[in-house]
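Listed below, chain by chain, are the residues.
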Amino acid sequence: MTGHTAVQEAVDRRLFDRRLFKVAAIAFPLLVLAGFARTYYVRGLFDVPPLPSPIVHLHGLVMTAWVVLFITQVWLISSKRVRVHQRLGYSGIGLGVLILPIGFVAAVRAAKYGSASTPPGVNQLGFMIVPLFDLIMFTIFFAAAIYYRKRPAQHKMLMLLTAINFLPPAIARIPIAPLQALGPLWFFGFPTVLTLACIGLDRWRYGRLNIIFLAGALLLIASYVTRLILMNNPAWLRAAGWLTSFV
């Protein structure tokens, strides 16, 4: 009886995880589309400024590829094609490596030449810390996911964090004026609530905390606060000015 119960619990856990990640695989691209449709995906339908440089388009392409990869990997696991999922994961490493330099150059150029993505009234040099922290957090979570690739419970939750990490730029661009007016309270607050909800769901379903996921989640939330604190710090502004001298 005990053995049967353990097997049933394992089956229930897998079903719960698959449902959670199916929701994530639907919500992630929808939020990205909602945020970037006007300025990137269907920009021809709207009266918006042209893309400032080819690097912005390249950045958009690699980030779109990452969203597609996330969806594909969730689908492969849900359809029990684990070996294909693992093989595709190696391609994901290559894509992840591409995201970093392209994202870095795009962020530095936006800080130097200006960007519509910088909130009104915010110093564009100071704001560069936001996308740079996105890249730092992505590097940490993705590297940890690779390290824990043979431990599914840790691996999949770290990959979920890579998706949540990339949400603020899309959230900030969703054209709902009352929400946009909230600024960081909205575009950092929503991912924070989402992350805490995932922690709660994980704890409720398994009866214990996934320590690796908890550590990563708290690190992500702490990074939001850190960005806001350092954004107008004189030392950071000097460093940001120095970085922009290379582009």
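Computed from a prediction, not measured in an experiment: that's the story for all the values here.

About the thresholds
Residues numbered from 1 in each chain as written. Predicted model: local features only at pLDDT ≥ 70, side-chain atom pairs only at ≥ 80, totals over all residues. Heavy atoms only, no water. Helix = DSSP H or I, 4+ residues; strand = E, 2+ residues; numbered from the N terminus. Rg over C-alpha atoms; globule rule 2.2 N^0.38 Å. Buried < 20%, exposed > 50% of the residue type's maximum accessible area, 1.4 Å probe, protein only. 1 Å grid on protein atoms, 1.4 Å probe; cavity = no way out; pocket = protein on both sides within 12 Å on 5 of 7 lines; lining within 4 Å. Points joined across faces, edges and corners; volume = space filled by probe spheres on them. Nonpolar A, V, L, I, M, F, W, Y, C, P; charged D, E, K, R; others polar. Phe/Tyr/Trp six-rings, centres within 6.5 Å; stacked < 30°, edge-to-face > 60°. Core = buried A, V, L, I, M, F, W, Y, C linked by side-chain atoms within 4.5 Å. Contact = heavy atoms within 4.5 Å. Patch = residues over 30% accessible without salt bridge, like charges linked within 9 Å, V, L, I, M, F, W, Y side chains within 5 Å. Areas by Shrake-Rupley, 256 points an atom, 1.4 Å probe, with all protein chains shown as cover. Salt bridge = Lys/Arg side-chain N within 4 Å of Asp/Glu carboxyl O. Arc of directions from axis to C-beta. Polar contact = N/O pair within 3.5 Å; in protein donor to acceptor, adjacent residues only side chain to side chain. Expected span 1.5 Å × (residues − 1). pLDDT = per-residue confidence, 0-100.

Q: Would you mind going over the overall build of the protein chain in detail, with residue names and values included?
A: Regarding its fold elements, the protein chain presents twelve helices and zero strands. Helices and strands in the protein chain line up, N terminus first, as α-α-α-α-α-α-α-α-α-α-α-α. At 19 Å, the protein chain has a C-alpha radius of gyration in line with the 18 Å of a compact globule built from 247 residues. When its C-alpha atoms are laid out on the principal axes, the protein chain stretches across 65 × 35 × 35 Å. Evaluated residue by residue, the protein chain yields a buried proportion of 38% over its 247 residues.

Q: For the layout of surface pockets, give the residues involved together with the corresponding values.
A: When its volume is computed, the second largest pocket comes out at roughly 1,300 Å³. Lining the second largest pocket are 40 residues, and of these Ile77, His85, Pro152, His155 and Lys156 sit closest to its centre. Residue assignment for the lining of the second largest pocket shows that the elements contributing at least two residues are α1 (2-41), α2 (54-78), α3 (82-113), α5 (129-147), α6 (152-165) and α10 (189-206). Considering every element that reaches the lining of the second largest pocket, the biggest residue donor is α3, with eight residues. A per-class count over the lining of the second largest pocket returns 19 nonpolar, nine polar and twelve charged.

Q: Break down the packing of aromatic side chains for me, with residues and values.
A: Inspection of every chain in the model, using the stated rule, returns eleven aromatic pairs. Between Trp186 and Phe190 the ring centres are 5.4 Å apart and the planes differ by 50 degrees, which places this aromatic pair in the tilted class. Residue classification places Phe190 among the partly exposed residues on the basis of a relative accessible area of 29%. Ring pairs connect the aromatic residues Trp66, Phe138, Phe142 and Phe166, which therefore count as one cluster.

Q: Account for the nonpolar core, naming residues and giving values.
A: In this structure, Trp66, Phe70, Ile99, Met128 and Leu160 are the most contacted members of the largest nonpolar core, which totals 58 residues. The dominant element in this core, judged by the number of residues it contributes, is α5, at ten residues. Not counting residues up to four positions away in its chain, the partners in contact with Ile99 are Val62, Met63, Trp66, Leu135, Phe138 and Phe166.

Q: Break down a nonpolar patch on the surface for me, citing the residues and quoting the values.
A: On the surface, Leu33, Tyr41, Val42, Leu45 and Phe46 cluster together to form a nonpolar patch covering roughly 450 Å² of accessible area. Secondary-structure assignment places Val42 in the loop between α1 and α2. Note on Val42: relative accessible area 36%, which makes it partly exposed.

Q: Which residues make up helix α12 (residues 234-244), and what values go with them?
A: Among the residues making up α12, those that are buried are Trp236, Ala240, Leu243 and Thr244. Angularly, the buried residues of α12 cover 95 degrees about the axis, an arc narrow enough to put them on a single face. Among the exposed residues of α12, those pointing more than 90 degrees away from its buried face are Pro234, Arg238 and Trp242. Elements in contact with the buried residues of α12: α3, α4 (124-127), α5 and α11 (211-230). Residue Asn233 occupies the N-cap position of α12, its side-chain oxygen lying 2.9 Å from the main-chain nitrogen of Ala235.

Q: Mind laying out α5, listing which residues take part and the relevant values?
A: Compared with the 27 Å implied by 1.5 Å per residue over 19 residues, the 27 Å span of α5 between its first and last C-alpha is a close match. Inspection of α5 places Ile129, Val130, Leu132, Phe133, Asp134, Leu135, Met137, Phe138, Phe141, Phe142 and Ala145 among the buried residues, and these make up the whole buried set.

Q: If you had to explain the confidence of the model for the protein chain to someone new, which residues and values would you point to?
A: Any segment with low pLDDT has predicted coordinates that should not be analysed in fine detail. Scored by pLDDT, the protein chain comes out at a mean of 90, with 95% of its residues at no less than 70. The weakest mean pLDDT in the protein chain belongs to α1 at 80; the strongest belongs to α5 at 97.

Q: Which residues make up the side chain of Gln73, and what values do they have?
A: Inspection of the secondary structure assignment puts Gln73 in helix α2. The exposure class of Gln73 is buried, given its relative accessible area of 12%.

Q: Describe the environment of Leu218, naming the residues involved and giving the relevant values.
A: With respect to the helices and strands, Leu218 occurs in helix α11. When its relative accessible area of 46% is taken as the criterion, Leu218 is described as partly exposed.

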